[in-house]
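Observations on chain architecture
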Amino acid sequence: MNLDPVQVMKGQSNPKDPTAAPVTASSNGDGKGAWEEKEEFDQGHLGLTTKPLLPKPENAVTIAVSSRVLFRTETEQKVYEQKGVEEYLRYQVEHENEPFAPGPAFSFVKALEAVNARLRELYPESEELFDIVLVTYNHAHVGVRLINTINHHNLFIERFCMTGGSSPIGYLKAWQTNLYLSADAEKVREALSEGIAAATMFMSNKLTEVSQTQLRVAFDGDAVLFSDESERIFKAQGLDGFFQHERDNEDILLDRGPLKDFLASLGKLQKKFYAKGHRLDCPIRTYLVTARSAASSGIRALKTLRAWGLETDEALFLAGAPKGPMLEKIRPHIYFDDQMFHVEGAAEMGTVAAHVPYGIAQKHPHKKSLNTGN
């Protein structure tokens, strides 16, 4: 299965979750009638009568999302690739009153806003919230269309970073970004090299419905939450050597991986709900979904998380079984994995998956027969 970060989405219905919101295919802004139902920003969906003040970056969990993953821009991308930047800018201005359709990160961002609404109910003065920054290589001329689209979809995004073709990495560091999602794998690798948690997002042809009331985030273990140490052992010594290494080092913590701090930031917000008696109905739920086997290699992963003071709400040790069917049941808003093999498998089952291009697996692609920690 080939995944394109800007593939077209086809809506799928899943009646099993009564809280789930339908995800539907829509136009890519090609018809002027798309704006006929446009409404002004509705603060009521946040439970507020005025727009909330933005938190300071040092207090917030900052999520930077590129316009190409928040919205579907494949038509515009083709204009740029086929006709160049000037025609691309002209096209954007001519169509600035037509909204972009939702992209792969859209449901994730909506879930972040739902969590913020709950946090503001419990902690009206707190700045410990998700803060969403829209990041785009676009020229400022395109800003009007992006703002119009955000208002059309009732998103609360006030921070923009429009770089006019320059790299956004320096700005991401200035925002103290906790997670960067992009369709540009090169920029994702650049962000990771600068210590910023980042992943490349993909859209599948099939998309499972997701919860409107609970943010669900699923993580692979090795080379995502943890370092790629165990994968390196497997590549060098095989499966038996990997299992022996894990047994010998059961009480030695794994090194941190690129998304460890993002899990920590989710855990910090979860604890704010726990403190108010909302553990059982917390609007954030996290999952560890790993191909490690529980008995032979899972204990080290759990001990590492515990030593870090972190936890996931659920841990699935699949012992090499496909991850897609499990993710179909979880229905996360986003799933992170370092291997395209698993990203593609998740996408085939309708999960929005994001690739973390980190570790030795990038040099040695995963094969379907492999049964290790990733």
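Structure report, in brief. (Residues numbered from 1 in each chain as written. Predicted model: local features only at pLDDT ≥ 70, side-chain atom pairs only at ≥ 80, totals over all residues. Heavy atoms only, no water.)

A look at the overall build of the protein chain
Summing up its helical and strand segments, the protein chain has twelve helices and 14 strands in all. A total of 374 residues make up the protein chain; the buried ones form 55% of that total. Considering only contacts in the protein chain between residues 6 or more positions apart, those separated by 24 or more positions represent 79%. A total of about 16,100 Å² of accessible surface is found on the protein chain, and carbon and sulfur atoms cover 49% of it. (Helix = DSSP H or I, 4+ residues; strand = E, 2+ residues; numbered from the N terminus. Buried < 20%, exposed > 50% of the residue type's maximum accessible area, 1.4 Å probe, protein only. Contact = heavy atoms within 4.5 Å. Areas by Shrake-Rupley, 256 points an atom, 1.4 Å probe, with all protein chains shown as cover.)

Concerning the layout of surface pockets
One number sums up the size of the second largest pocket: a volume of about 440 Å³. Taken together, 25 residues make up the lining of the second largest pocket; nearest its centre are Q77, Y88, T136, Y137 and N138. Of all the secondary-structure elements, those providing two or more residues to the lining of the second largest pocket are helix 1 (67-70), helix 2 (74-83), helix 3 (85-94), strand 5 (130-136) and strand 7 (179-182). Ranked by the residues each element gives to the lining of the second largest pocket, the list is headed by helix 3, at four residues. Residues of the lining of the second largest pocket, tallied by class, amount to eleven nonpolar, eleven polar and three charged. (1 Å grid on protein atoms, 1.4 Å probe; cavity = no way out; pocket = protein on both sides within 12 Å on 5 of 7 lines; lining within 4 Å. Points joined across faces, edges and corners; volume = space filled by probe spheres on them. Nonpolar A, V, L, I, M, F, W, Y, C, P; charged D, E, K, R; others polar.)

Thoughts on the pairing of strand 2 (residues 61-66)
Counting buried positions over the six residues of strand 2 gives six, a clear majority of the element. What you see with strand 2 is no split at all: V61, I63 and V65 on one side and T62, A64 and S66 on the other are buried throughout. Where strand 2 and strand 5 come together, six bridges link them in parallel fashion. Paired with S66 across the bridge in strand 5 is V135. Where strand 2 meets strand 7, three bridges bridge the pair, whose relative direction is parallel. Each bridged residue has a counterpart across the sheet, and for V65 the counterpart in strand 7 is L181. (Pairing = 2+ DSSP bridges.)

Considerations on the nonpolar core
Across soluble globular proteins, nonpolar side chains have a tendency to be buried as a group. Core analysis: the biggest nonpolar cluster contains 74 residues, and F108, F130, L215, F219 and F336 have the highest contact counts within it. With seven residues, the top contributor of residues to this core is helix 4 (residues 106-122). What F336 contacts, discounting residues up to four positions off in sequence, is L179, L181, A199, V217, A218, F219, D220, V224, L259, F262, A354 and V356. Residues L316, L318, L327 and I330 belong to the second largest nonpolar core, which totals twelve residues. (Core = buried A, V, L, I, M, F, W, Y, C linked by side-chain atoms within 4.5 Å.)

Details of empty space enclosed by the protein
In total, this model carries three cavities of 30 Å³ or more according to the counting rule given. A volume near 90 Å³ is recorded for the largest cavity. If you go around the largest cavity, you meet ten residues; those closest to its centre are N116, R120, F130, I132 and F156. Elements that contribute at least two residues to the lining of the largest cavity include exactly helix 4 and strand 5. Looking at the lining of the largest cavity, its residues break down into six nonpolar, one polar and three charged. There is about 60 Å³ of room inside the second largest cavity.

As for the side chain of Q270
Position of Q270 among the secondary structure elements: in helix 9 (residues 260-274). Contact partners of Q270, with chain neighbours within four places excluded, come to C282, I284, R285, T286 and D313.

Some details on the packing of aromatic side chains
Both the distance between ring centres and the angle between the ring planes are used here to describe each pair of aromatic rings. According to the stated counting rule, one finds six aromatic pairs in the structure shown. Grouping aromatic residues by their ring pairs yields a cluster made of F219, F262 and F336. Positioned above the aromatic ring of F100 is the side chain of R145, whose terminal nitrogen or guanidinium carbon lies 3.9 Å from the ring centre. In this arrangement the basic side chain of K187 is found over the ring face of Y137, its NZ or CZ atom lying 5.5 Å from the centre. (Phe/Tyr/Trp six-rings, centres within 6.5 Å; stacked < 30°, edge-to-face > 60°. Lys NZ or Arg CZ within 6 Å of the ring centre and 35° of its normal.)

As for the sheet that holds strand 12 (residues 314-317)
Hydrogen bonds between backbone groups are what pair the strands of a sheet, and the pairing can be parallel or antiparallel. In space, the ten strands of this open sheet follow the order 6-5-2-7-8-14-13-10-11-12, with mixed pairing throughout. Both outer strands of the open sheet, strand 6 (159-162) and strand 12, are each paired with one neighbouring strand and no more. Shown here is a sheet whose adjacent strand axes are inclined to one another by a mean of 25°, direction ignored. Running at roughly 165° to strand 14 (residues 353-355), helix 12 (residues 340-348) makes contact with strand 13 (334-337) and strand 14 of the sheet. (Axes fitted to C-alpha atoms, helices over the stretch in contact; angles between N-to-C directions.)

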